[in-house]
Amino acid sequence: MEPVPDDHYKLDDTVKLIVCDMAGTTVNEGGIVYRTLYNTIKSSGIAIEEDEMKDWYGINKTEVLAYFMNRDARYYGNQEMLATLLASFKQQLRNSYFSSNSITLIDPGLPALFNQIRATSVKIALNSGFSVDIQEKIIETLGMRDFIDGYISSESVATGRPAPYMIENLMTRFGVTDPGQVVKIGDSQNDILEGKNAKCGASIGVLSGAETREKLESAGADRTLRSVMALVPRPHSAQ
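No experiment lies behind these values; they were computed from the predicted model shown.

Please explain the overall build of the chain as it appears in this structure.
Within the chain one finds eight helices and ten strands. If one aligns the C-alpha atoms of the chain with their principal axes, the spans along those axes are about 65 × 35 × 35 Å. Counting all 239 residues of the chain, 51% fall into the buried class. A total accessible area of about 10,600 Å² is found for the chain, and carbon and sulfur atoms account for 48% of it. Each charge class in the chain can be summarised by its mean position, and for the 24 positive and 31 negative side chains these summaries are 2 Å apart.

Okay, structure coming up:
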């Protein structure tokens, strides 16, 4: 057997579930999400600096909007304002994402890779800080149901990243009782922290999206890869 290069990660016999982030990890969207969040907040008259967005990668988008809204004494706790911000964000994001074909899979070979992994009895699921409707629209647009086993939005749990609840929900859904059999993959520090808080067997950072190697490793990434395409499926016989 040929040796696995250092920039690849070979899945071993213990892995039962892989949980991948979406934007920046399995979906290439060029930073549209965070530009749209920034523009939504800024255009509402709420004070914000563009570089503040970097601390919110991977977080539930409603939580992000609520945080900046609540910094402004005029709107603190104003649920109507929050609903207005959220509706504006979703509409702008739909326009940017789905009106100009601006999103693609992170790599054209992703479906083949994921199905090769799934053929070895490993489940693959997506999790995201997107709302349910945006998440499902992305999955539909990119045909992702053909090569994943499931997905979950942070809207569907009590608290999003870095809390472990999305991963724990997926584990229950797929009958995985040992978090050591789960691999979490994402491009943000909050993805890594989510994996750590869920006690995943490995929390892997990828450099295809938001964060640098230094940021991912400072969050505790067990490995940092160029992209999710650096996964190496185990042989079919190892099940």
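From this point, the narrative continues.
Please explain the nonpolar core as it appears in this structure.
The tendency in soluble globular proteins is for nonpolar side chains to be buried as a group. By size, the foremost hydrophobic cluster in this structure holds 62 residues, and its most contacted members are Ile18, Tyr97, Phe114, Phe130, Ile138, Ile185 and Leu231. At eight residues, helix H3 (residues 79-98) tops the list of elements feeding residues into this core. Apart from residues lying up to four places away in sequence, Ile185 is in contact with Ile18, Val19, Cys20, Asp21, Thr25, Ile204, Val206, Val228 and Leu231. Core analysis: the next-biggest nonpolar cluster, separate from the first, contains 13 residues, Met171, Val176, Val182 and Ala198 among them.

Can you walk me through the packing of helix H1 (residues 32-43) against H3 in this structure?
Any two packed helices are characterised by the angle at which their axes cross and by the distance between the axes. Between H1 and H3, the least distance of the axes is 9 Å, while the angle of their chain directions is 140°. As summarised for this structure, H1 and H3 are arranged oblique, according to the angle between their axes. Like other packed secondary-structure pairs, H1 and H3 cross with a definite hand, here right-handed. Facing H1, whose interface residues are Ile32, Val33, Thr36, Leu37, Asn39 and Thr40, H3 presents Leu85, Ser88, Phe89, Gln92, Leu93, Ser96 and Tyr97. Grouping the amino acids of the contact of H1 with H3 by side-chain chemistry returns seven nonpolar, six polar and no charged.

Would you mind showing me how to read the packing of aromatic side chains here?
The geometry of an aromatic ring pair is captured by two quantities: the separation of the ring centres and the angle between the planes. With the rule as written, the count across this model stands at seven aromatic pairs. Taken together, a centroid distance of 5.0 Å and an interplanar angle of 85° make the contact between Tyr67 and Phe68 edge-to-face. When its relative accessible area of 38% is taken as the criterion, Tyr67 is described as partly exposed. Residue classification places Phe68 among the buried positions, given a relative accessible area of 1%. Between Tyr97 and Phe98, the ring centres sit 5.6 Å apart and the planes meet at 80°, which makes this aromatic pair edge-to-face. Above the plane of the ring of Phe130 lies Lys61, whose end atom (NZ or CZ) is 5.3 Å from the centre. Between the NZ or CZ atom of Lys137 and the centre of the ring of Phe98, over which it lies, the distance is 5.6 Å.

How should unusual backbone geometry be read in this particular structure?
Among all residues except glycine, the phi angle is most often negative; among peptide bonds, the trans geometry is most common. With an omega of 5°, the peptide bond running from Arg161 to Pro162 counts as cis. Turning to its location among the elements, Pro162 is positioned in the loop between strand E6 (150-153) and helix H6 (165-173). Backbone geometry places Ser121, a non-glycine residue, at a positive phi of 70°. Position of Ser121 among the secondary structure elements: in the loop between helix H4 (110-118) and strand E5 (123-128). For Lys199, which is not glycine, the phi torsion reads 65° and is therefore positive. Tracing the backbone shows Lys199 in the loop between helix H7 (189-197) and strand E8 (202-206).

Would you take a moment to explain the environment of Gly77 for this structure?
Summarising the element assignment, Gly77 is placed in the loop between helix H2 (61-71) and H3. Between the alpha carbons of Gly77 and Ile41 there is a distance of 15 Å; along the sequence they are 36 residues apart. Excluding anything up to four places from it in sequence, Gly77 contacts Met69 and Asn70.

Please explain the layout of surface pockets as it appears in this structure.
A probe matching the size of a water molecule, rolled over the atoms, marks out where space remains unfilled. Volume-wise, the largest pocket comes out at about 260 Å³. Lining the largest pocket are 23 residues, with Ala23, Glu29, Tyr34, Asp187 and Ala210 sitting closest to its centre. Within the lining of the largest pocket, the residues separate by chemical class into seven nonpolar, ten polar and six charged.

Just checking my understanding: could you explain the side chain of Asp191 for this structure?
Tracing the chain through its elements places Asp191 in helix H7. Take Asp191: its relative accessible area is 1%, and that puts it in the buried class. In contact with Asp191, not counting residues within four places along its chain, are Asp21, Arg161, Lys184 and Gly186.

Cut-off values and rules
Residues numbered from 1 in each chain as written. Predicted model: local features only at pLDDT ≥ 70, side-chain atom pairs only at ≥ 80, totals over all residues. Heavy atoms only, no water. Helix = DSSP H or I, 4+ residues; strand = E, 2+ residues; numbered from the N terminus. Buried < 20%, exposed > 50% of the residue type's maximum accessible area, 1.4 Å probe, protein only. Areas by Shrake-Rupley, 256 points an atom, 1.4 Å probe, with all protein chains shown as cover. Lys, Arg positive; Asp, Glu negative; His and termini not counted. Charge placed at Lys NZ, Arg CZ, Asp CG, Glu CD. Core = buried A, V, L, I, M, F, W, Y, C linked by side-chain atoms within 4.5 Å. Contact = heavy atoms within 4.5 Å. Axes fitted to C-alpha atoms, helices over the stretch in contact; angles between N-to-C directions. Parallel < 35°, antiparallel > 145°, perpendicular 65-115°, else oblique. Left-handed = near helix turned anticlockwise from the far one by under 90°. Nonpolar A, V, L, I, M, F, W, Y, C, P; charged D, E, K, R; others polar. Phe/Tyr/Trp six-rings, centres within 6.5 Å; stacked < 30°, edge-to-face > 60°. Lys NZ or Arg CZ within 6 Å of the ring centre and 35° of its normal. 1 Å grid on protein atoms, 1.4 Å probe; cavity = no way out; pocket = protein on both sides within 12 Å on 5 of 7 lines; lining within 4 Å. Points joined across faces, edges and corners; volume = space filled by probe spheres on them.

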